[in-house]
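Letter by letter, the chains look like this.
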Amino acid sequence: MAQHFLLSSAAKSLNLATVFRMSDAEAEAKFRKLRWESTNGEPVCPECGGLDAYDCRRSNGAPRFRCRACRKDFSITNGTLFASHKLPLRAYLAAIAVFCNEVKGKSALALSRDLGTSHKATWVLLHKLREAMAGELKGRTIGGEGKVAEIDGGYFGGYVKPANNRENRRDRRFAVNQSGKRKVVVVIRERGGDTLPAVFRSEGAALSFIKSRIAKGTTVNADEAGSWDGLHGRFEMRRINHEEAYSLDGACTNMAEEFFSRMRRAEIGHHHHLAGAYLLRYAQEAAWREDNRRVPNGSQVGMVAGLALKRGQSVDFTGYWQRHLPR
Ligand SMILES: [Zn+2]
């Protein structure tokens, strides 16, 4: 049997020990190369795009540059997801390494214990990394002529605990006995290709999203749920009845279900509860992890850090985010 990718030496190109042995200068050089890839780490002014900036450090040694053209000061993280960061750059690299090495996901509580940071700060940092991963999924369309895609839905949140005594129990299948917080993650996966998740109130509400994100000419695999019937007019559909078989005549949704298996294990093993405002971010994280599962971990860290540094300031966590923090 072929060796599992994660056990191969190719998968292990970066470890935490290496990150922690990095000097401040080395961590700084690494971040500069990730941020300013096209100039091989030479600073580019975020204000005017000027290439002529000189080192103008703060008195505490923190890196800062001054643009000769517009006289503006800027740091390596200015205008990125890591803007106005509080920790040394090495700690961010370590956080990303830990986040990537845990292939099913990492809880903020566990990471805060690893790094000695507060739970809140770590929780925000992890969500920023998810936001960075989501950048790779932006505007993505799946499939094309002759390509095959799978779609499936998975429900999250809105769990209502059954009453202890039998006479007090109510039928939780009825909407009136539900919390109203239940949402469905719908995933589109191309066979041998990319993954794209989104969040809806019901599978039926996902149809226009699916139609706009799967290219014409794609053969679409789905289960027998009636919610997908409306897709027959647009795509060649293959339906699989899971009561009869998991795969029949090439029709199956196993890849879509693999995505949900990763999300469920992240939910059960790390986060305990995936729901609410950030459900989409967890789904995007799972999609990124699925798509990049065969990328060596050192390259994964570079990809996530690069996405975070190329993305503007956080849309999820600017100004008023404190209201949404976990208690
Ligand atoms: Zn400038």
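This structure is a prediction, so every number in the text was calculated from the model and none was measured. (Residues numbered from 1 in each chain as written. Predicted model: local features only at pLDDT ≥ 70, side-chain atom pairs only at ≥ 80, totals over all residues. Heavy atoms only, no water.)

## Focus: the sheet that holds strand β4 (residues 148-156)
Heads up, the rule is: In this scheme, strands are said to pair when DSSP sees at least two bridges between them. Each helix is a run of DSSP H or I of at least 4 residues and each strand a run of E of at least 2, with the numbering of both proceeding from the N terminus. Note on geometry: axes are lines fitted to C-alpha atoms, helical ones only across the stretch in contact, with angles between N-to-C directions running from 0 to 180 degrees. The contact criterion used is simple: two residues touch if any of their non-hydrogen atoms lie within 4.5 Å.
Pairing in this open sheet of 5 strands is mixed, and the strands run β6-β5-β4-β7-β8 from one edge to the other. Edge positions in the open sheet fall to β6 (195-200) and β8 (236-240), since each of these has one partner strand only. Going from strand to strand, the sheet's axes swing by 25° on average, the running direction of each strand aside. Where strand β5 (residues 183-190) and β6 come together, 6 bridges link them in antiparallel fashion. Looking at the pairing, Val186 lines up with Ala198 of β6. Sitting on the sheet, helix α8 (residues 279-291) is in contact with β4, β5 and β6, with an inclination near 165° to β6.

## Things to note about the side chain of Glu285
Heads up, the rule is: Polar contact is defined as a pair of N or O atoms within 3.5 Å, subject to the rule that within protein one atom must be able to donate a hydrogen and the other to accept it, and that residues adjacent in sequence are counted only when both atoms are side-chain atoms.
If you trace the backbone, Glu285 turns up in helix α8. Within the local environment of Glu285, its side chain forms a polar contact with the side chain of Arg289, the two groups lying 2.8 Å apart. When neighbours within four sequence positions are excluded, Glu285 is seen to be in contact with Phe99, Gly105, Arg130 and Met133.

## As for the coordination of the zinc ion
Worth spelling out the cut-off: In this analysis a donor is any N, O or S atom within 2.8 Å of a metal ion (3.2 Å for sodium, potassium and calcium), and since water is not included, sites may seem incomplete. Tetrahedral means four donors with every angle between 85 and 135 degrees, whereas square planar (four donors) and octahedral (six donors) require angles over 155 degrees between opposite donors and between 65 and 115 for all others; sites fitting neither are termed irregular. To sort residues, take the accessible area from a 1.4 Å probe on protein chains only and compare it with the maximum for the residue type: under 20% means buried, over 50% means exposed, and anything in between is partly exposed.
Protein coordination at the zinc ion comes from Cys45 (SG), Cys48 (SG), Cys67 (SG) and Cys70 (SG), with a distance range of 2.3 to 2.4 Å. Considering all 4 donor atoms around the zinc ion, the spread of angles at the metal, 103 to 117°, places the coordination shape in the tetrahedral class. Along the chain, the residues that donate to the zinc ion are spaced as C-x2-C-x18-C-x2-C. Residue classification places Cys48 among the partly exposed residues on the basis of a relative accessible area of 42%.

## Quick notes on the packing of aromatic side chains
Cut-off, in case you're wondering: Ring geometry is summarised as follows: Phe, Tyr and Trp rings, the Trp one being its six-membered ring, pair when their centres sit within 6.5 Å, and such pairs are stacked at plane angles under 30 degrees, edge-to-face over 60 and tilted between the two. For a lysine, the NZ atom is tested; for an arginine, the CZ atom; a charge sits over a ring if that atom is within 6 Å of the ring centre and within 35 degrees of the ring normal.
On inspection of all chains with the given rule, the structure shows 9 aromatic pairs. For the pair Phe259 and Phe260, a centre-to-centre distance of 5.1 Å together with 75° between the ring planes defines the contact as edge-to-face. In this structure Phe260 comes out as buried when scored by relative accessible area, which is 7%. Three or more aromatic residues link up through ring pairs in this structure, and these residues are Phe31, Phe82 and Tyr92. Geometry around Phe99 places Arg289 over its ring, the cationic atom sitting 4.5 Å from the centre.

## Quick word on the pairing of strand β7 (residues 219-223)
Of all 5 residues in β7, 5 are buried; the element is thus mostly enclosed. Looking at chain direction, β4 and β7 are connected through 3 bridges and run parallel. The residue of β7 that forms the bridge with Glu150 is Asn221.

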